[in-house]
Amino acid sequence: MNPSVQPFFHRDSNTWTYVVADTEGRAAAIIDPVLDFDAKAGRTATASAETVLAHVRERGLEVHWILETHAHADHLSAGHWLKQQLPGARLAIGDGIRSVQQTFRPIFNLGAEFASDGSQFDHLWRDGEEFTIGALQARVIALPGHTSDSSAYLVGDALFTGDSLFMPDSGTARCDFPGGSAAALYRSIQRMYQLPDATRVFVCHDYGAGGREVACETTIGEQKRTNIHVRADTSEAEFVQLREARDATLPMPALILPAVQVNIRAGELPPAEANGVRYLKIPLDRF
């Protein structure tokens, strides 16, 4: 059985969120939800997540899973907020999140009170782990390279790649974050390229390359034929050279510092201090 897939685009961060549903039942999952964040004002909002929630409720869907493809560096996750609205849902991410937490705990000086064992999430996926969304069969594919915790979710014929693959005319994700590796990303992409060419591919971000309308869906076959960074015949050495040269020219994402602090907490904001206010830290000269 193959799922229905409803995309939602968050224009401020160019992020795609998906509601993946069992067409013969009511079971569903939400993948990569976004919390609105005004960095200039230090203000969060839930309008985007509320749109996703309204879709779920209007269709009478039962959300079993809220799935993160990784701890994003370009937007804040709404996973924690959605779980509060959907108490029957479990919030999950790849088990590589432990490594990400251990890397960033000293950078943000989070101290011993911050657990770096992934316990902020309800479940940590192992590579190859299988699960269900109603009658839908799903499998986790670990995709280290962009980050050490990156995973894809294969649900029926639909593959949700996170940042590892973009639309073919936009290529692939950067690999210069802590724990990143262009060689590892190349090998991860080869795992995806072993899937049938007809496999639907849903990306996490799109920036409208060349001025086209933003898009979210392609196929494994199209990626193998036309991805500007890694086609079926691209060697590892060619990809690593291209990816590392491009990464050297890229600025840090505008929201990396606030986003990582929130996302390694499964989308929960930092705890309030004695005055009742929550604060995000800005470490100087670390990136």
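Relevant structure appears above.
Everything quoted here is computed from the prediction, not taken from an experiment.

1. Re helix 1 (residues 47–58)
Here comes step 1: Along its 12 residues, helix 1 runs 16 Å from first to last C-alpha, staying within 8% of the 16 Å computed at 1.5 Å per residue.
Here comes step 2: Looking only at helix 1, the buried set comprises A49, V52, L53, H55 and V56. An end-on view of helix 1 places all buried positions within 155 degrees of arc, on one side of the element. For helix 1, the exposed residues set more than 90 degrees away from the buried face come down to R57 and E58.
Here comes step 3: Taken together, the buried residues of helix 1 touch strand 1 (4–10), strand 2 (15–21), strand 3 (27–31), strand 4 (34–38), strand 6 (62–67) and helix 2 (79–85).
Here comes step 4: At the C-terminal side of helix 1, G60 shows a positive phi close to 65 degrees.

2. A short note on the sheet that holds strand 4
Here comes step 1: Strand order in this open sheet of 3 strands is 5-4-7, and the pairing throughout is antiparallel. Looking at which strands have only one partner, the edges of the open sheet turn out to be strand 5 (43–45) and strand 7 (76–77).
Here comes step 2: Relative to strand 7, strand 4 is paired through 2 bridges, and the arrangement is antiparallel. Its bridge partner being in strand 7, L35 is matched across the sheet by L76.

3. Notes on the pairing of strand 10 (residues 130–133)
Here comes step 1: Side chains F131 and I133 project from strand 10 onto a buried face, and the interleaved E130 and T132 project onto a face without burial.
Here comes step 2: Both strand 10 and strand 11 (residues 136–142) contribute to a ladder of 4 bridges, which runs antiparallel. Residue pairing in the sheet places F131 in a bridge with A138 of strand 11.
Here comes step 3: Between strand 10 and strand 11, which follow one another and run antiparallel, lie 2 residues, and G134 among them has a positive phi close to 65 degrees.

4. Brief notes about empty space enclosed by the protein
Here comes step 1: Counting across every chain of the model gives 2 cavities of 30 Å³ or more.
Here comes step 2: One number sums up the size of the largest cavity: a volume of about 90 Å³.
Here comes step 3: Lining the largest cavity we find A71, A73, V100, F104, T147, F177, P178, I256 and V260.
Here comes step 4: Going through the elements one at a time, helix 3 (97–107) and helix 7 (256–263) are the ones with two or more residues in the lining of the largest cavity.
Here comes step 5: For the lining of the largest cavity, the per-class residue count stands at 8 nonpolar, 1 polar and no charged.
Here comes step 6: Taken together, E68, H70, A71, H72, S77, I93, F121, N263, A266 and G267 make up the lining of the second largest cavity.

5. A closer look at the layout of surface pockets
Here comes step 1: Taken as a whole, the largest pocket holds about 720 Å³ of empty space.
Here comes step 2: Forming the walls of the largest pocket are 34 residues, and the residues nearest its centre are D74, F166, R174, Y207 and P253.
Here comes step 3: Put simply, the parts of the chain that give the lining of the largest pocket at least two residues each are strand 4 and helix 6 (236–247).
Here comes step 4: Size it by volume and the second largest pocket reaches roughly 370 Å³.
Here comes step 5: Surrounding the second largest pocket, 16 residues form its lining, L110, E113, R265, P270 and P271 being those nearest its centre.
Here comes step 6: Class assignment of the residues belonging to the lining of the second largest pocket gives a composition of 8 nonpolar, 3 polar and 5 charged.

6. Concerning unusual backbone geometry
Here comes step 1: Positioned with a positive phi, N14 is a non-glycine residue whose angle comes to about 55 degrees.
Here comes step 2: Structurally, N14 is set in the loop between strand 1 and strand 2.
Here comes step 3: Backbone geometry places A266, a non-glycine residue, at a positive phi of 65 degrees.
Here comes step 4: Among the secondary structure elements, A266 is positioned in the segment after helix 7.

7. Section: the environment of L255
Here comes step 1: One can find L255 in the loop between helix 6 and helix 7.
Here comes step 2: A relative accessible area of 18% places L255 in the buried class.
Here comes step 3: Spatially, the C-alpha atom of L255 lies 9.2 Å from that of F37, the residues being 218 residues apart in sequence.
Here comes step 4: Excluding residues that lie within four positions of it along the chain, L255 makes contacts with F37, A39, A73, D74 and H75.

8. Details of the packing of helix 4 (residues 182–193) against helix 6
When two helices pack together, you describe them by how their axes are tilted relative to each other and by the distance separating the axes.
Here comes step 1: The contact between helix 4 and helix 6 brings their axes to 9 Å, and the two run at 130 degrees. The angle between the axes of helix 4 and helix 6 places the two elements in the oblique class. Along this stretch, helix 4 crosses helix 6, giving a crossing that reads as right-handed. Counted together, A182, A183, L185, Y186 and R187 of helix 4 and E236, F239, V240, R243 and E244 of helix 6 form the full contact between these two elements.

9. A closer look at the sheet that holds strand 6
Here comes step 1: Spatially, 6 strands are ordered 1-2-3-6-8-9 in an open sheet, and the strand pairing comes out mixed. Of all the strands in the sheet, the pair left with one neighbour each is strand 1 and strand 9 (123–125). Strand-to-strand twist across the sheet, computed as the mean angle between neighbouring axes with direction ignored, equals 25 degrees.
Here comes step 2: As paired strands, strand 8 (residues 90–94) and strand 9 are joined by 3 bridges and run parallel to one another. Among the inter-strand pairings, G94 is bridged to a residue of strand 9, identified as W125.
Here comes step 3: Helix 1 rests against strand 1, strand 2, strand 3 and strand 6 of the sheet, and its axis sits at about 160 degrees to strand 1.

About the criteria used
Residues numbered from 1 in each chain as written. Predicted model: local features only at pLDDT ≥ 70, side-chain atom pairs only at ≥ 80, totals over all residues. Heavy atoms only, no water. Helix = DSSP H or I, 4+ residues; strand = E, 2+ residues; numbered from the N terminus. Expected span 1.5 Å × (residues − 1). Buried < 20%, exposed > 50% of the residue type's maximum accessible area, 1.4 Å probe, protein only. Arc of directions from axis to C-beta. Contact = heavy atoms within 4.5 Å. Pairing = 2+ DSSP bridges. 1 Å grid on protein atoms, 1.4 Å probe; cavity = no way out; pocket = protein on both sides within 12 Å on 5 of 7 lines; lining within 4 Å. Points joined across faces, edges and corners; volume = space filled by probe spheres on them. Nonpolar A, V, L, I, M, F, W, Y, C, P; charged D, E, K, R; others polar. Axes fitted to C-alpha atoms, helices over the stretch in contact; angles between N-to-C directions. Parallel < 35°, antiparallel > 145°, perpendicular 65-115°, else oblique. Left-handed = near helix turned anticlockwise from the far one by under 90°.

Just distances and angles here, no functional claims.
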